[in-house]
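# Chains, contacts and geometry: an overview
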Amino acid sequence: MSIRVAVVGASGRMGREVVKAVLGADGIELVATVDVVNIGEEAGSLSGLAACGVFVEESLETALARGNVDALVDFTIPTSAMANIETSVRHKVPAVVGTTGLTPADVETIRGWSAEFGTPVFIAPNFAIGAVLMMQFSQQAAKYLPNVEIIEIHHERKLDSPSGTALRTAELIRDSRESSPLPSPANPIEKVAGARGAEFGEVHIHSVRLPGHVAHQQVIFGGTGETLTIRHDSFDRVSFMPGVIVAVRKVRDLTGVVIGMENIL
């Protein structure tokens with residue numbers, strides 16, 4: 001039996017890729033698309049494919065009330081995503097969330113909803129398999145080279161900085177370290193505020209937002225007389241789709257809130 005999927009944010013750049021991926025996946029059926037723009041447009045045609053008979057609608061509540069959705073995929077913005085997740089779990093529809101920018105408090109709220117309604121939620125800062133490997137390799141390297149900085153580069157329309165991938169990488173590095181990084185200079189001089197980037201878990205993160213990019217990250221480790229750079233590049237949003245499809249297939253079997261592709265691969 002097919003997994004029946006609703007895509008929220010279906011008119012966005014990521015949403016259109018999700019629609020195409022769902023339509024092209026075996027054993028998965030697109031049954032609803034939701035967005036605040038392009039209402040009434042045919043979802044397949046909107047995504048550059050043949051018409052599939054599913055039209056963009058404005059109300060997620062209405063879409064889920066029909067009772068024919070097995071899993072939801074959300075690529076929107078944080079404020080919208082929180083409302084969408086609450087609606088999804090209230091209807092007992094497991095949610096796959098690719099929206100970044102959710103705060104720790106948001107995640108705790110989602111945990112509460114998930115527990116209350118007994119509905120799993122999967123959240124990933126990055127669905128690209130290579131990005132997951134980059135984070136895992138960085139976590140391993142941090143055991144031996146604790147001095148590290150992250151540079152992440154995204155397109156100019158990305159709303160949140162640092163990226164969810166950078167924050168997740170910093171978390172994994174922090175949890176993996178067996179020793180503290182070298183102390184900073186006694187009296188550091190930052191001639192321009194922010195020149196050393198943001199600091200998260202004692203890891204400096206530098207965010208770049210420029211046209212022509214999709215999603216790129218390098219994790220640079222410094223050691224005695226050596227450096228190690230681990231880099232991942234997504235040149236097309238299609239790179240995230242295999243991970244999205246894996247999450248759609250597995251989310252119904254999860255319990256509670258699960259964060260990170262590494263936990264379901």
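Residues numbered from 1 in each chain as written. Predicted model: local features only at pLDDT ≥ 70, side-chain atom pairs only at ≥ 80, totals over all residues. Heavy atoms only, no water.

Between side chains of opposite charge, a pair can form as their charged atoms come close. Across all of its chains, the model carries 12 salt bridges by this definition. Close ionic contact of Arg66 with Glu57 constitutes a salt bridge, the shortest N to O distance being 2.8 Å. A residue is classified by how much of its surface remains accessible, and Arg66, at 43% relative accessible area, is partly exposed. Here Arg209 makes a salt bridge to Glu152, at a shortest N to O gap of 2.9 Å. With a gap of 57 residues between them, Arg209 in strand S9 (residues 203–209) and Glu152 in strand S7 (residues 148–154) connect regions that are remote in the sequence. Each of Arg168, Glu171 and Glu262 takes part in salt bridges that share partners, so that together they form one network. (Salt bridge = Lys/Arg side-chain N within 4 Å of Asp/Glu carboxyl O. Buried < 20%, exposed > 50% of the residue type's maximum accessible area, 1.4 Å probe, protein only. Helix = DSSP H or I, 4+ residues; strand = E, 2+ residues; numbered from the N terminus.)

What follows concerns the packing of helix H6 (residues 129–141) against helix H7 (residues 164–176). Two numbers describe how H6 lies on H7: the axes approach to 8 Å, and their chain directions differ by 25 degrees. By the angle between their axes, H6 is roughly parallel relative to H7. Judged by the twist between their axes, the crossing of H6 over H7 is right-handed. Across from Met134, Met135, Ser138 and Gln139 in H6, the residues of H7 making contact are Thr165, Arg168, Thr169, Leu172, Ile173 and Ser176. Within the contact of H6 with H7, the residues separate by chemical class into four nonpolar, five polar and one charged. (Axes fitted to C-alpha atoms, helices over the stretch in contact; angles between N-to-C directions. Parallel < 35°, antiparallel > 145°, perpendicular 65-115°, else oblique. Left-handed = near helix turned anticlockwise from the far one by under 90°. Contact = heavy atoms within 4.5 Å. Nonpolar A, V, L, I, M, F, W, Y, C, P; charged D, E, K, R; others polar.)

Another aspect to go through is a nonpolar patch on the surface. Taken together, the side chains of Ile129, Leu133, Phe137 and Leu265 make up a nonpolar region of the molecular surface, amounting to roughly 360 Å² of accessible area. Tracing the sequence through the fold places Ile129 in helix H6. Since its relative accessible area comes to 32%, Ile129 is described here as partly exposed. (Patch = residues over 30% accessible without salt bridge, like charges linked within 9 Å, V, L, I, M, F, W, Y side chains within 5 Å. Areas by Shrake-Rupley, 256 points an atom, 1.4 Å probe, with all protein chains shown as cover.)

Our focus in this paragraph is the packing of aromatic side chains. Within this structure, the stated rule accounts for two aromatic pairs. Pairing Phe75 with Phe127 gives two aromatic rings, centres 5.7 Å apart and planes at 55 degrees, and the pair type is tilted. Pair noted here: Phe75 is in the loop between strand S4 (71–74) and helix H4 (78–90) and Phe127 is in the loop between strand S6 (121–123) and H6, with a separation of 52 residues, a long-range link. Through a chain of ring-to-ring contacts, the aromatic side chains of Phe75, Phe122 and Phe127 assemble into a single cluster. (Phe/Tyr/Trp six-rings, centres within 6.5 Å; stacked < 30°, edge-to-face > 60°.)

Attention shifts here to the environment of Leu46. Mapped onto the secondary structure, Leu46 falls in helix H2 (residues 43–46). For the pair Leu46 and Val19, spaced 27 residues apart in sequence, the C-alpha separation works out to 9.3 Å. In contact with Leu46, other than residues within four places in its own chain, are Ser11, Arg16, Asn38, Glu41 and Val56.

For the rest of this paragraph, the subject is H4. Over its 13 residues, H4 runs 18 Å from end to end, which matches the ideal 18 Å to within 8%, given 1.5 Å per residue. For H4, the full list of buried residues reads Ala81, Met82, Asn84, Ile85, Thr87, Ser88 and Val89. Looking at the buried positions of H4, the neighbouring elements they touch are strand S1 (3–8), helix H3 (60–65), S4, strand S5 (95–97), helix H5 (104–117) and S6. Looking one or two residues beyond H4, the residue adopting positive phi is Lys92, at roughly 60 degrees. (Expected span 1.5 Å × (residues − 1).)

Here His232 is to be found in strand S11 (residues 226–234). Separated by 3.4 Å, the side chain of His232 and the backbone nitrogen of Ala131 make a polar contact. With sequence-adjacent residues up to four places away left out, His232 is seen in contact with Ala128, Gly130, Ala131, Met134, Ala215, His216 and Gln217. (Polar contact = N/O pair within 3.5 Å; in protein donor to acceptor, adjacent residues only side chain to side chain.)

Our next topic: the nonpolar core. Buried together is how nonpolar side chains tend to be arranged in soluble globular proteins. Phe122, Phe127 and Phe221 are the most contacted members of the largest nonpolar core, which totals 52 residues. If we skip the residues at most four places from it in the chain, Phe122 touches Ala95, Val96, Val97, Phe127, Ala247, Val251, Leu254, Val258, Gly260, Met261 and Ile264. Counting 22 residues, the second-largest nonpolar core is a separate cluster that includes Val31, Val69, Leu72 and Met82. (Core = buried A, V, L, I, M, F, W, Y, C linked by side-chain atoms within 4.5 Å.)

Shape descriptors only; they carry no functional weight alone.
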